[in-house]
Amino acid sequence: MKMKSIRTKLTFLLFFIALIPLIFVIGFYFLKNISKSIDNAKSDGLLRNSIINEHITEHFEKTFAVLRTVARNPMTIDFVTKSEHTEPELMEQTLRRTNDVFNDLDNMIITDKEGDQLARSDSYPLINVGHRRYFHEAMHGSEYISDVLISLANNRLITVLEVPVFDEQNNAVGMVQRDYDLSDLQNLVKNLSTKNTRVIITDGVGNVVSNSEDELESNQLVPMATNPAVSAGLAGKTGSMYVLSSISQGSKRERMLVTYSRNEISGWVIITERSYSFIWFDVIKSATTAATLGGILILVIALLAAFIAEKATRKIRAISALLEKSEDSDNSLSLSDLGDDELSQMVSSINKIRNARDSYRKDAEIDKLTGLLNKATFERLCRRKISESQPGTFSSLIIIDLDHFKNVNDSLGHQAGDALLHDFGEILRRLFRPTDLVGRFGGDEFVVFLNDLPGKEIAISKAKRIVESAASVLTGIESIKIGASVGISSTPQHGNDYDSLFSVADKAVYAVKESGRNGVCYGSDGAIKL
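Residues numbered from 1 in each chain as written. Predicted model: local features only at pLDDT ≥ 70, side-chain atom pairs only at ≥ 80, totals over all residues. Heavy atoms only, no water.

A.B. asks: Sorry, what's going on with the overall build of the chain here?
C.D. replies: Counting its regular elements, the chain contains 13 helices and 17 strands. Residues classed as buried in the chain amount to 42% of the 530 residues present. Intrachain contacts of the chain at a sequence separation of at least 6 include 60% that bridge at least 24 residues. Approximately 28800 Å² of the chain is accessible, and the part contributed by carbon and sulfur atoms is 55%. (Helix = DSSP H or I, 4+ residues; strand = E, 2+ residues; numbered from the N terminus. Buried < 20%, exposed > 50% of the residue type's maximum accessible area, 1.4 Å probe, protein only. Contact = heavy atoms within 4.5 Å. Areas by Shrake-Rupley, 256 points an atom, 1.4 Å probe, with all protein chains shown as cover.)

Shown next, in the form of structure tokens:
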């Protein structure tokens with residue numbers, strides 16, 4: 001009974017010694033996770049804003065470049081200044097050919113200094129826009145992007161980009177404009193939104209350009225100037241704040257974490273809203289996970305304390321048994337059996353077995369040349385990530401095939417080829433996140449799997465960087481250059497299982513190969529040469 005009492009007391013003592021720091025660690029983790037969740041929400045919002053900002057800037061810069069070219073064309077100047085003597089068919093045909101570079105349904109228009117439209121790239125009737133602000137800006141010689149307005153031709157929400165046409169005396173005698181239908185931007189915004197995150201874009205006067213949560217009426221301007229984030233963005237600031245905002249289309253209002261930024265070329269404000277309660281939900285969910293793990297750890301600690309206490313008292317019982325049976329000639333137990341030497345030897349043996357096992361496992365999972373995942377391991381982990389991904393999440397599979405690698409082996413030998421493959425593997429390892437899967441399928445074929453992406457733009461951008469990195473790898477002979485043919489597939493667009501994604505990405509690689517190599521192909525969209 002006395003021995004049992006000592007074992008019980010020792011068990012509780014060890015348990016509470018381990019429990020006290022564990023409680024402090026869980027509490028510290030919870031407090032730290034609150035700040036981390038808020039910072040992650042801010043970073044996520046600013047990332048979405050940045051993607052939209054780059055999209056708007058790229059489209060508007062391209063539009064202005066085309067409009068300037070048309071405005072400075074002598075045929076355009078002559079058409080605007082002498083339109084009463086000129087047939088518009090040739091000008092309309094020129095506008096349509098020029099407008100084809102955008103590959104959309106928006107139209108280009110030429111207007112004279114009275115505001116009368118002289119030619120359009122579409123079939124809508126010609127109208128007078130003399131009362132529009134963008135027309136007056138053009139007549140003052142300024143390039144301009146209008147706020148959101150309702151098209152007089154088709155009654156849709158648009159913004160207008162215009163460039164003035166100057167005569168030989170540098171007087172504004174008309175303008176070339178291009179309408180931008182906001183439905184294209186609405187689709188991008190919806191792709192970047194989630195169940196708990198809303199993306200909104202407003203123009204320079206606070207009218208909603210795009211809203212990921214609500215479908216904008218084609219003939220109705222919706223103001224949003226009361227949101228303080230809009231005012232901050234219009235003032236040229238970038239940051240985050242908490243505001244009261246409506247949820248969905250109901251009357252309920254709650255605290256939202258808002259990140260905002262301003263597009264310099266258009267003056268539009270990009271806003272990402274995330275429910276503060278949902279941020280807390282993430283914190284509570286993480287805390288629940290931590291508490292669950294803590295509970296399991298407490299149970300482990302209790303079992304470990306009991307084990308240690310039992311082991312310590314077992315030695316005492318063994319010694320007592322030895323003393324009690326010391327007169328028994330058949331007793332083979334000796335005190336040396338309880339010494340530290342034997343325990344140390346056992347631990348050493350276990351460690352050797354464990355190290356050997358870990359070494360065998362690593363050899364079976366890792367490509368020895370590059371240190372990346374081998375084919376079997378990559379496929380297994382990739383299938384698991386796809387099966388465990390939440391519905392609606394965006395993931396991409398990237399297949400990379402090095403171009404002209406055979407020339408390196410043929411000219412410099414396989415040792416140089418192996419060194420090149422190792423260097424390229426290191427490039428891929430640095431290029432991607434620790435949570436991404438990077439592997440080598442053998443030869444000069446590499447694979448990457450990215451999950452939890454906001455959209456395909458990130459995967460395409462990464463693929464372009466792969467091609468650029470491959471082109472920068474030194475082979476040892478200046479005349480031998482390598483490149484990379486990269487194919488991309490994504491969930492859910494190209495399927496929701498590994499085989500479907502691999503098939504689409506593999507076909508995309510061959511599409512790049514057939515188009516001349518050294519490029520990127522997203523699904524069946526066609527190769528992008530770099």
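A.B. asks: I keep staring at the packing of helix α2 (residues 74–81) against helix α3 (residues 88–99) and nothing clicks. Help me out?
C.D. replies: When two helices pack together, you describe them by how their axes are tilted relative to each other and by the distance separating the axes. Following both chains from N to C, one finds α2 and α3 inclined at 140°, their axes separated by 11 Å at the closest point. As the angle between them shows, α2 and α3 are arranged oblique. In this structure, α2 crosses over α3, and the sense of that crossing is left-handed. For the pair α2 and α3, contact is made by Met75, Thr76 and Phe79 and by Pro88, Leu90, Met91 and Thr94, respectively. (Axes fitted to C-alpha atoms, helices over the stretch in contact; angles between N-to-C directions. Parallel < 35°, antiparallel > 145°, perpendicular 65-115°, else oblique. Left-handed = near helix turned anticlockwise from the far one by under 90°.)

A.B. asks: I tried to follow the pattern of salt bridges on my own but got confused; where do I start?
C.D. replies: Here the idea is simple: oppositely charged side chains can pair when their charged atoms come close. Evaluation of the coordinates by the stated rule reveals 21 salt bridges. Here Arg380 and Glu365 are joined by a salt bridge, their closest N and O atoms 3.6 Å apart. Taken together, the residues span a long stretch of sequence, with Arg380 in helix α9 (residues 375–388) and Glu365 in helix α8 (residues 340–365) at a distance of 15 residues. Among the ionic pairs, Arg433 bridges to Asp436, the shortest N-O distance being 2.7 Å. (Salt bridge = Lys/Arg side-chain N within 4 Å of Asp/Glu carboxyl O.)

A.B. asks: Whenever I open this one, the side chain of Ser212 confuses me. Can you help?
C.D. replies: Among the structural elements, Ser212 can be located in the loop between β8 (208–211) and α6 (228–234). One polar contact links the side chain of Ser212 to the main-chain amide nitrogen of Val199, over a distance of 2.9 Å. The residues contacting Ser212, other than those within four sequence positions of it, are Val189, Lys190, Ser193, Thr197, Arg198 and Val199. (Polar contact = N/O pair within 3.5 Å; in protein donor to acceptor, adjacent residues only side chain to side chain.)

This is a description of form; function is not addressed.
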